[in-house]
Amino acid sequence: MTAQQKADFLRLRKGGRPIAALTAYDYPTARLLDESGVDVLLVGDSLGMVALGFSDTTHVTLDHMLHHVAAVARAKPQALIVGDLPIHTYDTPEQALVSARRLVDAGAEAVKLEGGLRQAEKVRAITSAGIPVMGHLGMLPQRVLEEGGYRKKGKTPEQAETIREGAQALVHAGVFSIVFESIIPETARWLSESITVPTIGIGCGNGTCDGEVAVITDVLGSFPWFVPPFAKPETSIAEITREAVARYILRVQGA
Ligand code: KIV
């Protein structure tokens, strides 16, 4: 299936079987998640925090993303590979298109960027070149420093309406799907019902969107030093790793 066909297929899932998306940053994780049947592999710029050791995503560069998108693409997944455009790689429509093309050359099948109304022209520039785009609204991690932290969004009717306007602008510019991050559940549900492309929630409550995305380390419990309040670990790889390494050290040291 081509990238466009995969994106179109996901678009048709609006209101149907929920979309299961996970982040992946490397080859083995991408293969394992794909073999498990996930719909979308997002090479998110959360990479900066959970794989590269930065304090937030504002340190991530296009070169970081290219390196990790290429690793995920080598897994040749059935799932759609979405690559995040990092901060300051889409400040103008021209720059957005150049950056998006570089991600595609590295193996991304679609790109994601953060923001609503002010990004519509950039989304249009990318989609006009035939590259599928995923939007991202609500809490925007690339603006965490300006906002002074990670806060819930869509708490008032005015905030909800601003997000709806942003979503409409993105839809008109051609996005095939939008991530909603940390939007309160009632607003996330209302927004999902009022727009025509699938919404993929993170930190928006259960069943409020057309699908969910999670950061893989939150699901596996492999990054215990920062766990968002909405994370639902399915296991604790951190504990399993510590126990396995303790056994290894005992064996090597002959105890
Ligand atoms: O970078 C990322 O992992 C993301 C998800 C939180 C949606 O954008």
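Sequence order as written defines residue numbering, which begins from 1 separately in each chain. pLDDT decides what is reported in this predicted model: residues at 70 or higher carry local features, side-chain atom pairs at 80 or more are listed and counted, and totals for whole chains, interfaces and linings draw on all residues regardless. The basis for every side-chain value is the complete set of non-hydrogen atoms in the structure, without hydrogens or water.

## Points about the pattern of salt bridges
The rule for a salt bridge is simple: a side-chain nitrogen of Lys or Arg has to be within 4 Å of a carboxyl oxygen of Asp or Glu. In total, this model carries 11 salt bridges according to the counting rule given. A salt bridge links Lys6 to Glu109; the nearest nitrogen and oxygen atoms lie 3.1 Å apart. Of this pair, Lys6 sits in helix H1 (residues 3–11) while Glu109 sits in the loop between helix H5 (93–106) and strand S4 (110–112), and the two are 103 residues apart along the sequence. The shortest N-O distance in the salt bridge between Arg242 and Glu239 comes to 3.1 Å. Under the DSSP-based scheme used, a helix requires at least four consecutive residues in state H or I and a strand at least two consecutive residues in state E, with every element numbered from the N terminus.

## Some words on the sheet that holds strand S1 (residues 19–23)
Pairing between two strands is assigned when DSSP locates at least 2 bridges connecting them. Read once around its circumference, the closed barrel built from eight strands follows the order S1-S2-S3-S4-S5-S6-S7-S8, with strand pairing classed as parallel. Strand-to-strand twist in this sheet, taken as the mean axis angle between neighbours without regard to direction, amounts to 25°. The pairing of strand S7 (residues 199–202) with strand S8 (residues 211–214) spans two bridges and is classified as parallel. Within the sheet, the bridge partner assigned to Gly201 lies in S8 and is Glu212. Contacts between H1 and the sheet are confined to S1, strand S2 (40–43) and strand S3 (80–84), with S3 contributing the most and set at about 95° to the helix. Throughout, a residue-residue contact means that at least one pair of heavy atoms, one from each residue, lies within 4.5 Å. To obtain an axis, a line is fitted to C-alpha atoms, over the contacting stretch when the element is a helix, and the angle between two such axes runs from 0 to 180 degrees between their N-to-C directions. Strands in contact with helix H8 (residues 157–173) are strand S5 (133–138) and strand S6 (177–181); relative to S5, the strand with the most contacts, it is inclined by about 175°.

## Quick look at the packing of H5 against helix H6 (residues 120–128)
Running from amino to carboxyl end, H5 crosses H6 at an angle of 45°, the nearest separation of the two axes being 8 Å. Here H5 is positioned oblique relative to H6, judged by the angle of their axes. Crossing angle aside, the handedness with which H5 passes H6 is right-handed. From H5, Pro93, Ala96, Leu97 and Ala100 reach across to H6, where they touch Glu121, Lys122, Ala125 and Ile126. Classification used: nonpolar for Ala, Val, Leu, Ile, Met, Phe, Trp, Tyr, Cys and Pro, charged for Asp, Glu, Lys and Arg, polar for all others including Gly. Considering only residue class, the contact of H5 with H6 consists of six nonpolar, no polar and two charged. For this classification, under 35 degrees means roughly parallel, over 145 means roughly antiparallel, 65 to 115 means roughly perpendicular, and everything else is oblique. Should the near helix be turned anticlockwise from the far one by less than a right angle, the crossing is termed left-handed; should it be turned clockwise, right-handed.

## Brief notes about the site of the ligand
Taken together, 13 residues form the shell around the ligand, and within it Gly44, Asp45, Ser46, Asp84 and Lys112 come nearest. A distance of 3.1 Å separates an oxygen atom of the ligand from a polar atom in the backbone of Asp45. Whenever a nitrogen or oxygen atom comes within 3.5 Å of another N or O atom, the pair is scored as a polar contact, on the condition that within protein one atom can donate a hydrogen and the other can accept it, and that pairs from neighbouring residues in sequence are kept only if both atoms are in side chains. Within the side chain of Asp84, one N or O atom sits 3.2 Å away from an oxygen atom of the ligand. All accessible-area figures derive from a Shrake-Rupley calculation using a 1.4 Å probe, and residue coverage is judged against the displayed protein chains alone. Out of a free accessible area of 260 Å², the ligand has 96% covered by protein chains. Here the shell around the ligand is composed, by residue class, of five nonpolar, four polar and four charged. One heavy atom suffices: a residue is near a molecule or strand as soon as one of its heavy atoms comes within 4 Å of it.

From the geometry alone we can't say anything about function, so treat these as descriptive.
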